[in-house]
Amino acid sequence: MKNLKFIILIILFILLGCYSVFIEPNKLDVNHYKIQDAQLKGLKIVFASDFHIKPYQQKRLDKVVELINAENPDLVLSVGDFVSGHNKKITMPIEDIAKGLGKVKSKYGFYTTLGNHDIWQDSEKITKALKNNGIKVLANENVSIQLNDQKIYIAGVEDFMTGKPDIYKALDGTKSPTILLTHSPDMFVKVPEGINLTLAGHTHGGQIRIPFIGPIFTASKFGDKYSKGLIEENERKLITTTGIGTSILPIRFNCLPEIVVIEF
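Keep in mind that what you see is a predicted model, and the values were worked out from it rather than measured.

Right, let's get into the overall build of the protein. For the protein, the count of helices and strands is 5 helices and 14 strands. Taking 264 residues into account, the globule formula puts the C-alpha radius of gyration at 18 Å, and the protein, at 19 Å, falls close to it. For the protein, buried positions account for 52% of its 264 residues. Contacts spanning at least 24 positions in sequence make up 72% of the contacts within the protein whose residues lie at least 6 apart. Of the roughly 13,100 Å² that the protein leaves accessible, carbon and sulfur atoms contribute 56%.

In structure tokens, the structure reads:
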């Protein structure tokens, strides 16, 4: 009887391991948020980030683009980590990633910051490749977009870990409504009042979330507090995406990859 229980336990662990490596990381949810904001009423944003595209993932990249375009977004936003890892041998070339994402369609453009993996590999090269495919990189700066009869601002700060994030420089000259892009959600505590929405990634939601316990690691000094989903704090809003790819370990459990759709 004890041997049977042990065998069942071993089989269960094997099945969970196979699911975590081969099934969940290859899924891709499209999660919708409805946010009440009179200044941004009618705006539809697709937020996709932490791609970490591997050399063999052309079909996944194509699927990401297909799902984004299916939403017919007004704006497409990201917070970086287009490439995978430190070593260029384990990532799809940024030229190919940028070319694929250049097929994304939106009314008012595609804006992003860079993530720590982008900086580690080659920020100038990645910025250039993205720009050549119609994707604007914001590094402690902002742009204004004329949305019907109203101007909105998209601001982006440099990565918390590898750059020199300057939120005041990024927001210089902006007025409400403003959307702030930051790779790490740890920047949220420095976001001033009046920012309509902050978007972040980096944590991947932990990648591995143990039921009733939470993530085993989040890459945030605040632990699980800002690691995923919609967070409202002091009349400010943050959405942290679980991201599309994986980092360090090619594993996800109880933390599905996602594309986020935000409608106001």
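The next point concerns the nonpolar core. If you look at the biggest cluster of nonpolar residues, it comprises 29 residues, and the most contacted ones within it are Phe51, Ile68, Phe82, Ile97, Leu101, Leu130 and Ile259. Elements supplying a minimum of two residues to this core: α2 (58–70), α3 (94–101), α4 (116–132), β5 (135–137) and β14 (258–263). It is α2 that provides the largest number of residues to this core, a total of 5 residues. Among residues more than four places away in sequence, those in contact with Ile68 are Val46, Ala48, Pro73, Val76, Val104 and Ile259. Judged by nonpolar contacts, the second largest core, of 24 residues, contains Ile45, Tyr111, Ile145 and Ile152.

On strand β9 (residues 197–200), burial covers both faces: Leu197 and Leu199 on one face and Thr198 and Ala200 on the other are all buried. Relative to β9, strand β8 (residues 178–181) runs parallel, the two being bridged by 3 bridges. Across the sheet, the residue bridging to Leu180 is Thr198, located in β9. Bridging between β9 and strand β13 (residues 236–240) involves 3 bridges; their strand directions are parallel. Directly across from Ala200, in β13, lies its bridge partner Thr240.

The subject of this paragraph is α2. Over its 13 residues, α2 runs 18 Å from end to end, which matches the ideal 18 Å to within 8%, given 1.5 Å per residue. Looking only at α2, the buried set comprises Arg60, Leu61, Val64, Val65, Leu67 and Ile68. All buried residues of α2 project into a common sector of 165° when viewed along the axis, lining one side. Seen from the open side of α2, the exposed residues pointing more than 90 degrees away from its buried face are Lys59 and Ala70. Tucked into the core, α2 has its buried residues touching β1 (29–34), β2 (44–47), β3 (75–78), α3 and β14. The first or second residue beyond α2 is Asn72, which carries a positive phi of 50°.

What follows covers the sheet that holds strand β7 (residues 150–156). Ordered in space as β6-β7-β8-β9-β13-β12, the 6 strands form an open sheet in which the pairing is mixed. Because the sheet does not close on itself, it has two edges, and the strands there are β6 (141–147) and β12 (229–233). Mean inter-strand twist for the sheet, computed between neighbouring axes without regard to direction, equals 20°. Alignment of β7 against β8, held across 4 bridges, turns out to be parallel. Across the sheet, residue Gly156 finds its bridge partner in β8, namely Leu181.

Summarising the element assignment, Gln207 is placed in the loop between β9 and β10 (209–210). Within the local environment of Gln207, its side chain forms a polar contact with the backbone oxygen of Leu249, the two atoms lying 3.1 Å apart. A distance of 3.0 Å separates the side chain of Gln207 from the backbone oxygen of Ile251, its partner in a polar contact. Gln207 has contacts with Gly245, Thr246, Ser247, Leu249, Ile251, Arg252, Phe253 and Cys255, leaving out every residue within four places of it along the chain.

Moving on to the pattern of salt bridges. Two side chains bearing opposite charge may form a pair once their charged atoms approach each other closely. One pass over the full model with this rule turns up 7 salt bridges. A salt bridge links Glu71 to Lys44; its shortest N-O distance comes to 3.2 Å. Highlighted residues: Glu71 in the loop between α2 and β3 and Lys44 in strand β2, separated in sequence by 27 residues. Classification of Glu71 as buried rests on a relative accessible area of 15%. Exposure remark for Lys44: the relative accessible area of 18% places this residue in the buried category. Measuring nitrogen to oxygen at the nearest pair gives 3.6 Å for the salt bridge that ties Glu95 to Lys125.

How each quantity is defined
- Residues numbered from 1 in each chain as written.
- Predicted model: local features only at pLDDT ≥ 70, side-chain atom pairs only at ≥ 80, totals over all residues.
- Heavy atoms only, no water.
- Helix = DSSP H or I, 4+ residues; strand = E, 2+ residues; numbered from the N terminus.
- Rg over C-alpha atoms; globule rule 2.2 N^0.38 Å.
- Buried < 20%, exposed > 50% of the residue type's maximum accessible area, 1.4 Å probe, protein only.
- Contact = heavy atoms within 4.5 Å.
- Areas by Shrake-Rupley, 256 points an atom, 1.4 Å probe, with all protein chains shown as cover.
- Core = buried A, V, L, I, M, F, W, Y, C linked by side-chain atoms within 4.5 Å.
- Pairing = 2+ DSSP bridges.
- Expected span 1.5 Å × (residues − 1).
- Arc of directions from axis to C-beta.
- Axes fitted to C-alpha atoms, helices over the stretch in contact; angles between N-to-C directions.
- Polar contact = N/O pair within 3.5 Å; in protein donor to acceptor, adjacent residues only side chain to side chain.
- Salt bridge = Lys/Arg side-chain N within 4 Å of Asp/Glu carboxyl O.

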